[in-house]
Amino acid sequence: MALAPKTNLKDKFHSLYGVDPDVMAYAPGRIEILGNHTDYNEGLVLSSATDLYTYVAVKECKSNSAKIHSFDMANTEELKLDDSLKVKIPGKWSNYIKGVLLELGRLGKLTPFKAVIYSEVPLSAGMSSSAALEVSSCFAFGKLFGIELDKKEWAKLGQRVENNYMGLKSGLLDQFSSIYGEKDTLILCDFRKIEVIDKVKFPSDYVFVIVNSMIKHNLVESDYNLRRESCERAAASIQKKFPEVMKLRDVTPEMLEECRGTVDFTDYKRAAHVVSEGDLVIKGIEALRKGDIKLFGSYLYASHASSKVNFENSCPELDFLVEVSRSIPGCIGARLSGGGFGGISIHLVKKEMADDYRKRIAVAYKTQTGKEPQTFVCGVGCGAGVY
Ligand code: GLA
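In this text, all values refer to a predicted model and were calculated from it rather than measured experimentally.

Draft legend 1. Representation of the overall build of the protein chain within the structure. Looking only at helices and strands, the protein chain has 11 helices and 12 strands in total. Taken over the C-alpha trace, the protein chain has a radius of gyration of 21 Å; the compact-globule value for 387 residues is 21 Å, and the two agree within 12%. With the C-alpha coordinates aligned to their principal axes, the bounding extent of the protein chain is approximately 65 × 50 × 40 Å. Residue burial in the protein chain is summarised as follows: out of 387 residues, 60% are buried. The long-range fraction of contacts in the protein chain, counting pairs at least 24 apart against all pairs at least 6 apart in sequence, stands at 73%. By element, 51% of the accessible surface of the protein chain is carried by carbon and sulfur atoms, the whole surface being about 15800 Å².

Draft legend 2. Up close: the pairing of strand 10 (residues 344–350). When you tally the buried positions in strand 10, you get 6 out of 7 residues, the bulk of the element. Bridging between strand 8 (residues 206–212) and strand 10 involves 7 bridges; their strand directions are antiparallel. Among the inter-strand pairings, Ile-210 is bridged to a residue of strand 10, identified as Ile-346. Two strands pair when backbone bridges link them, and strand 9 (residues 331–336) and strand 10 are joined in this way by 5 bridges, in the antiparallel orientation. Across the sheet, residue Ala-334 finds its bridge partner in strand 10, namely His-347.

Draft legend 3. Focus on the packing of aromatic side chains. On inspection of all chains with the given rule, the structure shows 14 aromatic pairs. For the cation-ring pair, Arg-227 lies above Phe-311, with the distance from its terminal atom to the ring centre recorded as 5.9 Å. In this structure, Arg-326 packs its charged tip against the face of Tyr-301, placed 3.9 Å from the ring centre.

Draft legend 4. Structural detail: the sheet that holds strand 11 (residues 374–378). One open sheet holds the 4 strands; their spatial order is 9-10-8-11, and the pairing between them is antiparallel. Each end of this open sheet is capped by a strand with a single partner; those strands are strand 9 and strand 11. The mean inter-strand angle of the sheet, taken between neighbouring strand axes irrespective of direction, is 20°. Strand contacts of helix 9 (residues 293–311): strand 8, strand 9 and strand 10, with the helix running at about 30° to strand 9, the strand carrying the most contacts.

Draft legend 5. Structural detail: helix 4 (residues 151–166). Helix length check: helix 4 (16 residues) gives 22 Å between terminal C-alpha atoms against 22 Å at 1.5 Å per residue, within 8%. Turning to helix 4, the residues buried within the fold contact helix 2 (94–105), helix 3 (129–145) and helix 5 (173–180). Just downstream of helix 4 lies Gly-167, where phi reads positive at about 85°.

Draft legend 6. Seen up close, the environment of Gly-333. Residue placement: Gly-333 occurs in strand 9. The sequence separation of Gly-333 and Lys-193 amounts to 140 residues, and the corresponding C-alpha distance is 29 Å.

Draft legend 7. Spatial organisation of the pattern of salt bridges. A full pass over the atoms with the stated rule returns 27 salt bridges. For the salt bridge of Arg-270 with Glu-312, the shortest nitrogen-to-oxygen distance reads 2.9 Å. Taken together, the residues span a long stretch of sequence, with Arg-270 in helix 8 (residues 265–290) and Glu-312 in the loop between helix 9 and helix 10 (316–325) at a distance of 42 residues. Each of Glu-32, Glu-277 and Arg-335 takes part in salt bridges that share partners, so that together they form one network.

Draft legend 8. The arrangement of unusual backbone geometry in detail. Although it is not a glycine, Glu-42 adopts a positive phi angle of roughly 60°. With respect to the helices and strands, Glu-42 occurs in the loop between strand 1 (23–34) and strand 2 (44–60). In this structure, Ser-128 takes a positive phi of about 65° despite not being glycine. Among the structural elements, Ser-128 can be located in the loop between strand 5 (113–119) and helix 3.

Draft legend 9. Structural context of the site of the ligand. Near the ligand, the surroundings consist of 14 residues, among which Arg-30, Glu-32, Asp-39, Asp-174 and Tyr-224 are the closest. In the environment of the ligand, an oxygen atom lies 2.5 Å from a nitrogen or oxygen atom belonging to the side chain of Glu-32. A distance of 2.6 Å is found between an oxygen atom of the ligand and a side-chain nitrogen or oxygen belonging to Tyr-224. Contact with the protein chains covers 97% of the free accessible surface of the ligand, which is 300 Å². Classifying every residue of the shell around the ligand by side-chain character gives 3 nonpolar, 7 polar and 4 charged. Viewed by domain, the shell around the ligand spans two of them, domain 1 (7–201) and domain 2 (206–378), each represented by three or more residues.

Draft legend 10. Region of interest: the state of the cysteines. Here the structure, examined in full by the defined rule, presents 0 disulfides. The structure places no disulfide on Cys-138, whose sulfur is separated from the nearest cysteine sulfur, that of Cys-382, by 18 Å. As a non-bridged cysteine, Cys-259 has Cys-231 as the owner of its nearest cysteine sulfur, 15 Å distant. Taking the relative accessible area as the measure of exposure, Cys-259 reaches 1% and is therefore buried.

Draft legend 11. Representation of the pairing of strand 4 (residues 75–80) in the model. Examined bridge by bridge, strand 3 (residues 65–70) and strand 4 share 6 bridges and lie antiparallel to one another. When the bridges of strand 4 are listed, Ala-66 appears paired with Leu-79. Between strand 3 and strand 4, which follow one another and run antiparallel, lie 4 residues, and Ala-74 among them has a positive phi close to 50°.

Draft legend 12. Fine view of the side chain of Ser-136. Topologically, Ser-136 is positioned in helix 3. Among the residues examined, Ser-136 registers a relative accessible area of 0% and is labelled buried. Within the structure, the side chain of Ser-136 is placed 2.7 Å from the backbone oxygen of Ala-132, a separation counted as a polar contact. Within the structure, Ser-136 has its side chain in polar contact with the backbone oxygen of Leu-133 (distance 3.3 Å). In this structure Ser-136 touches Ala-25, Tyr-26, Ala-27, Thr-54 and Val-56, once residues within four positions along its chain are discounted.

What counts, and at which threshold
Residues numbered from 1 in each chain as written. Predicted model: local features only at pLDDT ≥ 70, side-chain atom pairs only at ≥ 80, totals over all residues. Heavy atoms only, no water. Helix = DSSP H or I, 4+ residues; strand = E, 2+ residues; numbered from the N terminus. Rg over C-alpha atoms; globule rule 2.2 N^0.38 Å. Buried < 20%, exposed > 50% of the residue type's maximum accessible area, 1.4 Å probe, protein only. Contact = heavy atoms within 4.5 Å. Areas by Shrake-Rupley, 256 points an atom, 1.4 Å probe, with all protein chains shown as cover. Pairing = 2+ DSSP bridges. Phe/Tyr/Trp six-rings, centres within 6.5 Å; stacked < 30°, edge-to-face > 60°. Lys NZ or Arg CZ within 6 Å of the ring centre and 35° of its normal. Axes fitted to C-alpha atoms, helices over the stretch in contact; angles between N-to-C directions. Expected span 1.5 Å × (residues − 1). Salt bridge = Lys/Arg side-chain N within 4 Å of Asp/Glu carboxyl O. Near = heavy atom within 4 Å. Polar contact = N/O pair within 3.5 Å; in protein donor to acceptor, adjacent residues only side chain to side chain. Nonpolar A, V, L, I, M, F, W, Y, C, P; charged D, E, K, R; others polar. Domains from an automatic or database assignment. Disulfide = S-S within 2.5 Å.

Structural measurements only, silent on function.
Okay, structure coming up:
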């Protein structure tokens, strides 16, 4: 399904460059619903695409560089299509573009172009604005350069940008959800098979209210990579007793308990989180199937408690948002979503109470922290495409 951007990208492109673009592409952010830090442990995640997108419009041109204007950053970058792409400038949005172009350059010939970008996905909030930028630019530039890949390979290309160029040892969840997301549907992804193995409709009488703690979540500078190392150490240690264990995906709660004394205590806590998240994903999808939304909501709370205590990827502000949600009418579950260490919390709220809920939680958060949170209802959008 081709999307009409909320802002007319074609007109913006025309007003800037005086011509129409050749290709336009879009890619959504994602909401991680259950299954925190399970993707790089080859486990399961329940996620969805957001109805907020990043759009890229591009046209081939005669010059010796690529010119890209970002409307949300109010910034234009001119990139030479040569080895200088390897030079990363700390904090620059265009690093993601450079990483994408380097990857595309391994698959085909890069030709000079003009592009514009417009993003609705909140930045550094835990909704994968970076994956939305990688995927939308991959789709737009890939089409322009005549590079064809299947969806899974596009997701892996985006992940390589994060892993090799940005230095974040992330899994495939973000790019995968951005590409495979389906309107009004939650997708169950298996990151061993690297497939969507199940889907469930999102209940129409509930919505996700997103409450952004405004604590900047910058995973490259956070302890994300340390968490991953901890999970890998735990799996290696458990493997000594249970040789069939390749990743934490293979560990049951009973196995973990048996190894409690031999796994380093911090690594044990990280593993306990990942193992219980895998379990919550399965129970969560069952609850949704049975229409037991309250039970499903209780799993969101359980997931957050495990993040707070075992994985230690929450922060006092996110803990407050989740805790206070229990006392505001309409909410039946809340948790941090995504990498953690700041960013957003997701709140499962009765649709007709969502506006009131947003106001109340904003007041509570401001009173507690002095910070104005960003709050909005986030719909479940469709996966990335080209038009
Ligand atoms: C970030 C990473 C993902 C995933 C989540 C946590 O969004 O990019 O790969 O690990 O954190 O589930």
